[in-house]
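So the chains spell out like this:
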Amino acid sequence: MKKFWGSLLVFLILQTVAGQSINEFIDKGLKENDISKKLPPIDTLVHMAKVYSPFVKVTVSEQQYRDGVVSAEQRAWLEYINLEAGYSYGIFDNLSNQQIAGDPGSQTLFSTEQSRYNVGVSLRLPLSAIVNRSARIKSAKGEAKKARFETEVAEMELEQKVVELYNDLLKAHRLFFISGSIVDNFRVQSIRAEKDFANGVINVTEYTRLQQMMNQATMNFELQRSEFISSIMALESIIGADLNI
């Protein structure tokens, strides 16, 4: 009986030591393979996403258009100003100097060949243009302000999405690395189990159980690898650039 409890105590100690070794290996491996050191800073990723995002570009274009409408409404009164100019060349009858001076007795006209220019400015401003101008400008400014808010909202949502995808990538990488370490551990156990089974140390049930655990760990590793790759592609898609990981 004492021999049994002694063997059990040794087994538990070995399992505890093995577990600590695995955890230490994983922690050390994660520090040495910290993917965040290979990624651009989060602020840089957010800036890249804003520059690339087609949706943000649409909102910015809408904002610029609305600002243009405000300027157009403020200058709309210029449409009612007409500037006319004319030019003519030929022989014209002109008044004499006496007539120009106001001499009523002088009736003589003289003809000369000359060029004539004329320029005229006229203003026709409808009452509706005066009454409605302020309302139209106010409405245009409201639309421009709304467009600016839409741009800000789009940029905020985009920033949140980049942060979310960035954290998802870090998490996916950690799980991928951990699952790989677990597979490596089970692979060592599987080799040992094959030797123990061949030497009759363990029975077929125990050997089968270990192989099933190995297969399950391998499947989980492949799933985590797929999640990791998907996380990279999602972040690359939103910033419009390759991360070269």
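Sequence positions are assigned chain by chain, starting from 1 and proceeding in written order. It should be noted that, the model being predicted, local features are given only for residues of pLDDT at least 70 and side-chain atom pairs only at 80 or more, the latter also being counted only at that level, while totals for whole chains, interfaces and linings use all residues. Processing note: side-chain calculations cover all non-hydrogen atoms of the structure and skip hydrogens and water entirely.

A. Fine view of helix H6 (residues 204-239). Secondary structure elements are taken from DSSP: a helix is a run of H or I of four residues or more, a strand is a run of E of two residues or more, and numbering for both begins at the N terminus. What a helix should span is 1.5 Å times the count of its residues minus one. In this model H6 runs 53 Å from its N-terminal to its C-terminal C-alpha over 36 residues, within 8% of the 52 Å that 1.5 Å per residue would give. Two N or O atoms form a polar contact when they lie within 3.5 Å of each other; inside protein one atom must be a possible hydrogen donor and the other a possible acceptor, and for residues adjacent in sequence the pair counts only when both atoms belong to side chains. Its side-chain oxygen at 3.2 Å from the backbone nitrogen of Thr 205, Asn 203 defines the N-terminal cap of H6. A positive phi of about 70° marks Gly 240, the residue just after H6.

B. Expanded view of the packing of aromatic side chains. Put simply, two rings from Phe, Tyr or Trp (the six-membered ring, in Trp's case) pair if the centres are within 6.5 Å, and we call them stacked under 30 degrees between planes, edge-to-face over 60, tilted for the rest. A complete count under the given rule lists 3 aromatic pairs for this structure. Centroid distance Phe 176 to Phe 228: 5.3 Å. Interplanar angle 10°. Geometry classified as stacked. In this pair, Phe 176 is assigned in helix H5 (residues 127-198) and Phe 228 in helix H6, connecting sequence segments 52 residues apart. Both residues of the pair, Phe 176 and Phe 228, belong to the buried class. On the numbers, 4.8 Å between centres and 15° between planes, the contact of Phe 197 with Tyr 207 is stacked. With a 1.4 Å probe rolled over the protein chains alone, any residue whose accessible area is under 20% of its type maximum counts as buried; one over 50% counts as exposed, and the rest are partly exposed.

C. Structural context of the pattern of salt bridges. Counted as salt bridges are all cases of a side-chain nitrogen of Lys or Arg within 4 Å of a carboxyl oxygen of Asp or Glu. The full count for this structure, using the stated rule, is 6 salt bridges. Among the salt bridges present, the one from Arg 209 reaches Glu 206, with a minimum N-O distance of 2.5 Å. With a gap of 3 residues between them, Arg 209 and Glu 206 both fall in helix H6, about one helical turn apart.

D. Quick peek at the side chain of Ser 179. Positionally, Ser 179 belongs in helix H5. Any pair of residues with heavy atoms lying within 4.5 Å of one another is described as a contacting pair. If sequence neighbours within four positions are ignored, Ser 179 has contacts with Asn 220, Phe 221 and Gln 224.

E. Highlighting the nonpolar core. Leu 235 and Leu 243 are the most contacted members of the largest nonpolar core, which totals 25 residues. Mapped onto this core, the elements with two or more residues apiece are helix H2 (42-52), H5 and H6. Sort the elements by how many residues they give to this core and H5 lands first, with 10 residues. The residues touching Leu 243, leaving out its near neighbours within four places in the chain, are Leu 39, Pro 40, Leu 45, Leu 169, Ile 232, Leu 235 and Glu 236. By convention a nonpolar core is built from buried Ala, Val, Leu, Ile, Met, Phe, Trp, Tyr and Cys residues, the set being connected through side-chain atoms within 4.5 Å.

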